[in-house]
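# What the coordinates show
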Amino acid sequence: MNTSSSLPRSFRLLVTGGGTGGHTYPALTAIRTLQGRLAASGGTLDVLWIGTADGLEARVAPAEGIAFRTVATGKIRRSANPLKMLSAANVKDMARVPLGVAQARTIVSEFQPDVVLATGGYVAVPAGLAARLCRRPLVLHEQTVRLGLANRKLAGSATRIAVSSESSLPLLPAEVRDRAVVTGNPVRPEVLTGHADKAVHTLNLTGFDRRLPTVYVTGGAQGAQQINGVVRDVLPWLLSYANVIHQCGPANVDELRNAAAGLDPVLAGRYHLTGFVGAELPDVLALADVVVSRSGAGTLAELTALGKPAVFVPLATSAGNEQAHNARHLAEAGAAVALIGEVTPQTLQNAVGPLLTDPARRAAMADRARAYGRPDAADRLVDVLLAAASG
């Protein structure tokens, strides 16, 4: 750890990455952590974020008071067939990359950052290459087990490659392995400070039976038809063993409310259906004994930092089948259950049932999940940024 006495008085950080929350929130958490550490020793942080105009970062950065610039980018549409990779759209987009690099080079040479942090997403490529051209230290952060496409392109230019898991190290190209350091994936600190009783109060969960375990079902902000469908089909069974908070996506509330209309009133009291979970998420996670969800990198980082038993239903279309890879990795360690491939009401029942009826099994899985958690990941990543900047 850097001691406050060795911290610089002022520090210039250029951040690039985004498109999704998976790339955006780790960067934001690192910024906040570095800001806090510098402020504690009387220092200041100047941040500039290079992102895409239509990515999540375009809303998040300005809302946090962070200067934001965009550059031309080319999104590579993947395909197992190399000929399909040469689609007109891909060729057109690849032609935009040199323009993006030129724009990013101008921004980097004007801003003169002490270090550039790239968290992935195709926008990171031009800014990462510009860092190399301007001889600025480049730190990559990889959220998933395997390097994403953008980070693979930038690995050769990186000063340091921060990875989220020990299991990433052997998967790195041999020539860059000595630059890798395991930091974990930064988790928003507020996620770790929830209160179960607050969730009961805020969401008015008066029908919940606190002697039973609580299951939190989520398919992400938009919900997930696959998860919603199988949960709907096992609801009466599920509610006889547990309370359920079901975040189904705003577009799916009416359909699921209709499906739940015929429930026995006692069971209905144990079912809380909501389109979206916002500021109350930390409290909902604190209340949850088991989580049923997708297996994106951010979700994994949060649930392991909290030590939550999880049943993962990976998104099959995730880039590089990353979600299945993530889920399998934890399942092999006994830290979660992974439902890969077709998920039926019966497979969900077989996965969730033993966790609800056997508290010892639940506790053992929670311990294994916690062993994988890195609640101090943001601090570790900040250490890497400061070390890279000081040469």
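Everything below is about the structure printed above this text.
Summarised in this report is the structure supplied together with it. Every chain begins its residue count from 1, and numbering advances along the sequence as written. Reporting of local features is limited, given that this is a predicted model, to residues whose pLDDT is at least 70; pairs of side-chain atoms are given and counted only at 80 or more, and all residues count toward the totals for whole chains, interfaces and linings. Note that the side-chain values use all heavy atoms of the structure and ignore hydrogens as well as water.

## Quick notes on the overall build of the chain
- The secondary structure listing takes helices from DSSP runs of H or I that are at least 4 residues long and strands from runs of E that are at least 2 residues long, numbered from the N terminus. On a plain count of helices and strands, the chain comes out with 17 helices and 13 strands.
- Both definitions apply: the radius of gyration is a C-alpha atom measure, and the globule rule equals 2.2 Å times residues to the power 0.38. Relative to the 2.2 N^0.38 estimate, which gives 21 Å for 391 residues, the radius of gyration of the chain is 22 Å and therefore close to what a compact globule would have.
- Expressed as lengths along the three principal axes of its C-alpha atoms, the size of the chain is roughly 65 × 55 × 35 Å.
- A total of 391 residues make up the chain; the buried ones form 52% of that total.
- Here the analysis covers contacts within the chain between residues at least 6 apart in sequence; of these, 68% occur between residues at least 24 apart.
- A 1.4 Å probe and the Shrake-Rupley method give the accessible areas. Residues count as covered only by the protein chains that appear here. Element-wise, carbon and sulfur atoms account for 53% of the exposed surface of the chain, whose accessible area totals about 17200 Å².
- His is not counted here, nor are the chain ends, while Lys and Arg score as positive and Asp and Glu score as negative. To locate a charge, the coordinates of NZ of Lys, CZ of Arg, CG of Asp or CD of Glu are taken. Between the averaged position of the 38 positive side-chain charges in the chain and that of its 30 negative side-chain charges there is a distance of 6 Å. The buried label goes to any residue with under 20% of its type's maximum accessible area, the exposed label to any with over 50%, and the partly exposed label to all in between, with areas taken from a 1.4 Å probe on protein chains only. We call two residues in contact whenever any of their non-hydrogen atoms come within 4.5 Å of each other.

## Thoughts on the side chain of Ser 168
- When you line up the elements, Ser 168 lands in the loop between strand S6 (160–163) and strand S7 (180–182).
- With sequence-adjacent residues up to four places away left out, Ser 168 is seen in contact with Thr 144, Val 145 and Val 163.

## A closer look at the pattern of salt bridges
- The salt bridge definition used is simple: a Lys or Arg side-chain nitrogen within 4 Å of an Asp or Glu carboxyl oxygen. The final tally for this structure, using the stated rule, is 14 salt bridges.
- Residues Glu 64 and Arg 32 are paired through a salt bridge, measuring 3.0 Å at the closest nitrogen-oxygen approach. Placement of Glu 64 in the loop between helix H2 (57–63) and strand S3 (67–70) and of Arg 32 in helix H1 (residues 21–40) is noted, with a sequence separation of 32 residues between them.
- Residue Glu 64 is classed as partly exposed on the basis of its relative accessible area of 36%.
- Between Asp 379 and Arg 37 there is a salt bridge whose closest N-O contact spans 2.9 Å. Linking Asp 379 in helix H17 (residues 377–389) with Arg 37 in helix H1, this pair joins segments that are 342 residues apart in sequence.
- The class of Asp 379 is partly exposed, set by a relative accessible area of 28%.
- Via salt bridges that share partners, Arg 32, Glu 64 and Glu 190 belong to a single interconnected network.

## Describing the pairing of strand S9 (residues 243–247)
- Most of S9 is tucked away: 5 of the 5 residues are buried.
- Of the two faces of S9, the one carrying Asn 243, Ile 245 and Gln 247 and the one carrying Val 244 and His 246 are both buried.
- Bridging between strand S8 (residues 214–218) and S9 involves 5 bridges; their strand directions are parallel. For Val 217, the partnering residue across the bridge sits in S9 and is His 246.
- A pair of strands is considered paired only if DSSP assigns at least 2 bridges between the two. Here S9 pairs with strand S10 (residues 271–274) via 4 bridges, running parallel.

## Quick look at the sheet that holds strand S4 (residues 115–118)
- Taken in spatial order, the 7 strands make up an open sheet running S3-S2-S1-S4-S5-S6-S7, and their pairing is parallel. Each of the sheet's edge strands pairs with one partner strand only, and the pair in question is S3 and S7. Strand-to-strand twist in this sheet, taken as the mean axis angle between neighbours without regard to direction, amounts to 25°.
- Bridging between S6 and S7 involves 3 bridges; their strand directions are parallel. Directly across from Ala 162, in S7, lies its bridge partner Val 181.
- Only the contacting stretch of a helix is used when fitting its axis, a line to C-alpha atoms as for every element, and angles between N-to-C directions run 0 to 180 degrees. Sheet strands touched by H1: strand S1 (10–16), strand S2 (44–51) and S4. Its angle to S2, the strand with the most contacts, is close to 165°.

## Quick look at the pairing of strand S5 (residues 138–142)
- Most of S5 sits out of view: 5 of its 5 residues are buried.
- Alternating positions in S5 separate into two faces, Leu 138, Leu 140 and Glu 142 on one and Val 139 and His 141 on the other, with burial throughout.
- Pairing between S4 and S5: 3 bridges, direction parallel. Bridge assignment links Val 116 to a residue of S5, and that residue is Leu 138.
- Handedness of the crossover joining S4 and S5 through helix H6 (residues 124–133): right-handed. Crossovers are described as right-handed under a simple rule: with the strands pointing away from the observer, the path leading from the first strand over the helix to the second runs clockwise.

## A short note on the nonpolar core
- If you look at the biggest cluster of nonpolar residues, it comprises 32 residues, and the most contacted ones within it are Val 215, Tyr 271, Val 292, Val 311 and Leu 348.
- At the level of secondary structure, the elements contributing two or more residues to this core comprise S8, helix H9 (225–239), helix H10 (253–260), S10, strand S11 (290–293) and helix H15 (345–357).
- Broken down by element, this core gets its largest block of residues, 7 residues, from H9.
- Excluding residues within four positions of it along the chain, Val 292 makes contact with Val 215, Tyr 216, Val 217, Thr 218, Ile 227, Val 311, Val 313, Leu 348 and Val 352.
- In this description, a nonpolar core means a group of buried Ala, Val, Leu, Ile, Met, Phe, Trp, Tyr and Cys residues linked to one another through side-chain atoms lying within 4.5 Å. Leu 48, Val 71, Val 108 and Val 123 belong to the second-largest nonpolar core, a separate cluster that totals 30 residues.

## Observations concerning the sheet that holds strand S12 (residues 310–312)
- With parallel pairing, 6 strands are arranged side by side in an open sheet as S10-S9-S8-S11-S12-S13. A single partner strand is all that each edge strand has here, and the edge strands are S10 and strand S13 (337–338).
- In terms of strand pairing, S11 meets S12 through 3 bridges, oriented parallel. By the bridge assignment for S12, Val 292 is matched with Val 311.

## Notes on the packing of aromatic side chains
- Aromatic contacts are taken between Phe, Tyr and Trp rings whose centres are within 6.5 Å, Trp giving its six-membered ring; a plane angle under 30 degrees counts as stacked, one over 60 as edge-to-face, and the others as tilted. Overall, the coordinates contain 1 aromatic pair when judged by the stated rule.
- Seen in terms of ring centroids, Trp 237 and Tyr 241 are 5.6 Å apart; in terms of plane orientation they differ by 55°. Their pairing is tilted.
- A relative accessible area of 36% places Tyr 241 in the partly exposed class.
- We note Arg 188 situated over the ring of Tyr 25; from NZ or CZ to the ring centre the distance is 4.6 Å. Only when the NZ atom of a Lys or the CZ atom of an Arg is both within 6 Å of the ring centre and within 35 degrees of the ring normal do we say a charge sits over the ring.

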